[in-house]
Amino acid sequence: MKKINSLRLFRMVALAPLALTAFVLTAPLAQAAEQVSPVAASHSAFIYRSAWDCGNKAVMVGVMANEGHNIHRLGAICREIRANGNLGKRINRPVKGDTRYAIKNFVCPKGNVIAGVDMYSGLHLKGISIYCKKWYAAKRFVTGDYTTNILVGSLTNDIVAFRCSGPQYMVKAFRTGAKEKIVSRITAFANFRTVCDVHNK
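Conventions and cut-offs
- Residues numbered from 1 in each chain as written.
- Predicted model: local features only at pLDDT ≥ 70, side-chain atom pairs only at ≥ 80, totals over all residues.
- Heavy atoms only, no water.
- Helix = DSSP H or I, 4+ residues; strand = E, 2+ residues; numbered from the N terminus.
- Buried < 20%, exposed > 50% of the residue type's maximum accessible area, 1.4 Å probe, protein only.
- Areas by Shrake-Rupley, 256 points an atom, 1.4 Å probe, with all protein chains shown as cover.
- Salt bridge = Lys/Arg side-chain N within 4 Å of Asp/Glu carboxyl O.
- Polar contact = N/O pair within 3.5 Å; in protein donor to acceptor, adjacent residues only side chain to side chain.
- Contact = heavy atoms within 4.5 Å.
- Pairing = 2+ DSSP bridges.
- Axes fitted to C-alpha atoms, helices over the stretch in contact; angles between N-to-C directions.
- Disulfide = S-S within 2.5 Å.
- pLDDT = per-residue confidence, 0-100.
- Phe/Tyr/Trp six-rings, centres within 6.5 Å; stacked < 30°, edge-to-face > 60°.
- Lys NZ or Arg CZ within 6 Å of the ring centre and 35° of its normal.

(A) Structural view of the overall build of the protein. Check the secondary structure of the protein and you find one helix and 12 strands. When the helices and strands of the protein are placed in sequence order, the string is α-β-β-β-β-β-β-β-β-β-β-β-β. Relative to its full complement of 201 residues, the protein shows a buried share of 41%. Summed over its atoms, the accessible surface of the protein is roughly 11,300 Å², and 56% of this surface lies on carbon and sulfur atoms.

(B) A look at the pattern of salt bridges. Summed over the entire model, instances satisfying the criterion amount to four salt bridges. In this structure, Glu-67 and Lys-104 form a salt bridge, with 3.4 Å as the shortest nitrogen-oxygen distance. Residue Glu-67 is found in the loop between strand E3 (58-65) and strand E4 (73-81), and its partner Lys-104 is found in strand E6 (residues 104-107); the two are separated by 37 residues along the sequence. Where Arg-100 meets Asp-98, a salt bridge forms, and the shortest distance between an N and an O atom there is 2.6 Å.

(C) Broad picture of the side chain of Asn-112. The residue Asn-112 is located in strand E7 (residues 112-121) in this model. By relative accessible area, Asn-112 is classed as buried at 7%. Of note is the side chain of Asn-112, whose polar atom sits 3.5 Å from the backbone nitrogen of Lys-134. Once you skip the residues sitting within four places of it in the chain, Asn-112 turns out to touch Val-61, Leu-87, Cys-132, Lys-133, Lys-134, Trp-135 and Thr-147.

(D) Structural detail: the sheet that holds E7. Strand order across the open sheet formed by four strands is E9-E8-E7-E10, with antiparallel pairing between neighbours. Looking at strand neighbours, the two that pair on one side only are strand E9 (141-153) and strand E10 (159-163), the edges of this open sheet. Taken over all neighbouring pairs, the strand axes of this sheet differ in orientation by 20° on average, direction set aside. When E7 meets strand E8 (residues 125-136), the two strands line up antiparallel, connected through nine bridges. Paired with Val-117 across the two strands is Ile-130, which belongs to E8.

(E) Expanded view of the state of the cysteines. On inspection of all chains with the given rule, the structure shows three disulfides. There is a disulfide in this structure between Cys-54 and Cys-78, and the S-S distance comes to 2.0 Å. For the disulfide bridge between Cys-54 and Cys-78, the dihedral angle about the S-S bond is near -75°, and by the sign convention the bridge is left-handed. Of this pair, Cys-54 sits in the loop between strand E2 (48-53) and E3 while Cys-78 sits in strand E4; the two residues are 24 residues apart in sequence, bridging distant segments of the chain.

(F) Spatial organisation of the side chain of Asp-197. With respect to the helices and strands, Asp-197 occurs in strand E12 (residues 185-197). Those residues in contact with Asp-197, other than ones at most four positions away along the chain, are Ala-32, Glu-34, Gln-168, Tyr-169, Met-170 and Lys-172.

(G) Summary view of the confidence of the model for the protein. Considering every residue of the protein, the mean pLDDT works out to 83; 78% of them sit at 70 or more. Considering only residues more than four positions removed or in separate chains, one finds that residues 9-29, a stretch of pLDDT under 50, has zero contacts.

(H) Structural view of the packing of aromatic side chains. This model, assessed by the stated rule, comprises four aromatic pairs. When the centroid spacing of 5.8 Å and the interplanar angle of 70° are considered together, the rings of Trp-52 and Phe-189 count as edge-to-face. Taken together, the residues Trp-52 in strand E2 and Phe-189 in strand E12 connect sequence positions 137 residues apart. Across this residue pair, the class does not change: Trp-52 and Phe-189 are buried. Aromatic side chains Tyr-131 and Tyr-146 sit 5.7 Å apart centroid to centroid with 75° between the ring planes, which places their arrangement in the edge-to-face category. Taken as a pair, Tyr-131 in strand E8 and Tyr-146 in strand E9 lie far apart in primary sequence, 15 residues in all. In this structure, Lys-96 packs its charged tip against the face of Trp-52, placed 5.4 Å from the ring centre. Taking NZ or CZ as reference, Lys-133 lies 4.6 Å from the ring centre of Tyr-146, over its face.

Rendered as structure tokens:
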């Protein structure tokens, strides 16, 4: 009996490293966490929730917004990421806001994506500056220095500067609160956040 128990113990000790290796190889990898900016234009009255999200297989390259001193209309411009890593077709996330204001496209140069945003505020969101970086298709991440800074709206001294941390991160979404003065007409945005995330996690 002692010999049998000793043999079993030997087998358990010998096989333990193999079992641990198998667990490590088969255990799911932890997903990268999204990066969320501090709140810009914080205001408790702005409780209506809204968002523009490019999703896992696309990246933000620009915005649609009105010109002027305040942002009253806003939408996101995304591009799909193809299987080979190249940027593909344009995908518009719906423009929301006061329809009395005409919109204009504010877009990174071709082959660039948004990798940082400055958010300017007063009582509500006054403006944003989008910072673009080159898209490295082979690796599915951004590379190099910022190539372009595009201002949308107006500047203020109240600024939240946010940059995606790490080359695998790029801007994927905006989240905001909004205020409705007239039914179905959003007149201003507040509690604004920028979200960076990795591709296709």
